[in-house]
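Examining the three-dimensional arrangement
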Amino acid sequence: MPFNLPGILVPFHLLVHPRLVLPAIVVKGQTQHYKDIRQIDFPALYSAGYRGAVFDKDNCLTVPHEDRLVPELVDAWRECRETFGPDNVLIVSNTAGSHLDIGSIEAESVSHHLSAPVLRHSALKPSYACINAVRAYFASLPRPVRDDELVVVGDRLFTDVVMANRMARRPAPRTPAPSRSGRPASGSARTAR
Ligand SMILES: [Mg+2]
């Protein structure tokens, strides 16, 4: 596991805001094998107004250190991408696409095997720099997605859940006026695709 200073500092933030580690939804199942994204009703989330999803990679979509989707999740993953749209489902990992992924080799491989963009970011989850990179990505879409239209799926409280709750607690500043290209005038988002 990489050294993650933003994650190490989370307990200090919890002293002020202990609810940061509380997930909105916990996936439950009959057996250990079914506590995964197959339990998520993506069409229902879309009907409720959600328009995009952020996914952690390890232990949510793949086995750690592997780039291929867990075979049992193929149908659920396809349904998720078809529901929100292929560009509206973003993988944000503290391995693939991070500064530890030299040359973005793992990000390219994961993006290929999972048919989804992988965020390239220099700061690890749950840092605000990483949050800004996520926001920049969704703001760059033809139909921008706001924080309150995003679902964040992850297995770690101190990274995925804290990141989601920080996004909810501290809304993004007003979206800058679009440039002539239709993209925001500031902010940057790089993905492997
Ligand atoms: Mg994980």
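Residues numbered from 1 in each chain as written. Predicted model: local features only at pLDDT ≥ 70, side-chain atom pairs only at ≥ 80, totals over all residues.

**Concerning the overall build of the protein chain**
- When you go through the protein chain residue by residue, the secondary structure sums to 7 helices and 5 strands.
- Going from N to C terminus, the protein chain has its helices and strands arranged as α-α-α-β-α-β-α-β-α-β-α-β.
- Taken over 193 residues, the protein chain has a buried fraction of 36%.
- Nonlocal contacts in the protein chain, meaning residues at least 24 apart in sequence, comprise 69% of its contacts between residues at least 6 apart. (Helix = DSSP H or I, 4+ residues; strand = E, 2+ residues; numbered from the N terminus. Buried ≥ 20, exposed ≤ 12 C-beta atoms within 10 Å, placed from the backbone. Contact = placed C-beta atoms within 7 Å.)

**A word on helix H5 (residues 105–114)**
- Here H5 has its buried residues at Glu 106, Ala 107, Val 110, Ser 111 and Leu 114. The buried residues of H5 occupy an angular sector of 130° when the element is viewed end-on, so they sit on one face.
- Next to the buried residues of H5 lie strand E2 (89–91), strand E3 (118–120) and strand E5 (190–192). (Arc of directions from axis to C-beta.)

**A look at the confidence of the model for the protein chain**
- For the protein chain, per-residue confidence averages 87 on the pLDDT scale, and residues scoring 70 or more make up 87% of the total.
- Predicted confidence for residues 177–187 stays below pLDDT 50, and this span has 13 contacts to residues more than four positions away or in other chains. (pLDDT = per-residue confidence, 0-100.)

**A word on the environment of Ser 109**
- Counting through the fold element by element, Ser 109 comes out in helix H5.
- Taking the C-alpha atoms as reference points, Ser 109 and Glu 66, 43 residues apart in sequence, are found 9.5 Å from one another.

**Let's talk about the nonpolar core**
- Counting residues in hydrophobic clusters, the biggest one holds 41 residues, and the most contacted among them are Ala 53, Val 54, Leu 90, Ile 91, Leu 119 and Val 134.
- When contributions to this core are tallied by element, the ones reaching two or more residues are strand E1 (52–55), helix H4 (74–84), E2, H5, E3, helix H6 (128–139), strand E4 (150–153) and helix H7 (157–169).
- Top contributing element to this core by residue count: H6, with 7 residues.
- The contact partners of Ala 53, leaving out residues within four places of it in the chain, are Cys 80, Phe 84, Asn 88, Val 89, Leu 150, Val 151 and Val 153. (Core = buried A, V, L, I, M, F, W, Y, C linked by C-beta atoms within 7 Å.)

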